[in-house]
Amino acid sequence: MELESNQVRIQSTYSPNPNRQEDYTLFCHSHSVRTTVTAKPAVVSRWIYTVRHRHRFQLREGRLVVGLGVQWDPETPNVAATLQLCVG
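Attention in this report is confined to the structure presented alongside it.

Parameters and conventions
- Residues numbered from 1 in each chain as written.
- Predicted model: local features only at pLDDT ≥ 70, side-chain atom pairs only at ≥ 80, totals over all residues.
- Heavy atoms only, no water.
- Helix = DSSP H or I, 4+ residues; strand = E, 2+ residues; numbered from the N terminus.
- Rg over C-alpha atoms; globule rule 2.2 N^0.38 Å.
- Buried < 20%, exposed > 50% of the residue type's maximum accessible area, 1.4 Å probe, protein only.
- Areas by Shrake-Rupley, 256 points an atom, 1.4 Å probe, with all protein chains shown as cover.
- Lys, Arg positive; Asp, Glu negative; His and termini not counted.
- Charge placed at Lys NZ, Arg CZ, Asp CG, Glu CD.

On a plain count of helices and strands, the protein chain comes out with two helices and six strands. Scanning the protein chain from its N terminus toward the C terminus, one meets helices and strands in the order β-β-β-β-α-α-β-β. Taking 88 residues into account, the globule formula puts the C-alpha radius of gyration at 12 Å, and the protein chain, at 15 Å, lies well above it. Per-residue burial over the protein chain gives 9% buried out of 88 residues. Here the protein chain has roughly 7,400 Å² of accessible surface; of this, 54% comes from carbon and sulfur atoms. Positive and negative side-chain charges of the protein chain, numbering 10 and 7 respectively, have mean locations separated by a distance of 15 Å.

Set out below in structure tokens:
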């Protein structure tokens, strides 16, 4: 799948197991953002491990910035429908 406008392009990337996760890359001007979509806790754990390893020097120096976004399920109190993590 590929979605494109004048300035932004979203490209589906290879996923080793599409039943567990979907991977996308968003291109905006000269920047790119890699995205993983999953409902599997093991995929999230691996993502966190990978991020901690790739950014270990910034993490050790206290310079790693992590963003968190939550969308709540209006039908079920105290249950998150979507959890978004961003590292940079």
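There is more to say, and it comes next.
Glancing now at unusual backbone geometry. We note that His-29 has phi near 55 degrees; this positive angle belongs to a residue other than glycine. Mapped onto the elements, His-29 comes out in the loop between β3 (21-28) and β4 (31-38). Despite not being glycine, Asn-78 has its phi angle at roughly 60 degrees, a positive value. Its place among the elements puts Asn-78 in the loop between β5 (66-72) and β6 (80-87). A residue is classified by how much of its surface remains accessible, and Asn-78, at 75% relative accessible area, is exposed.

Without other data, these values stay purely geometric and don't point to any function.
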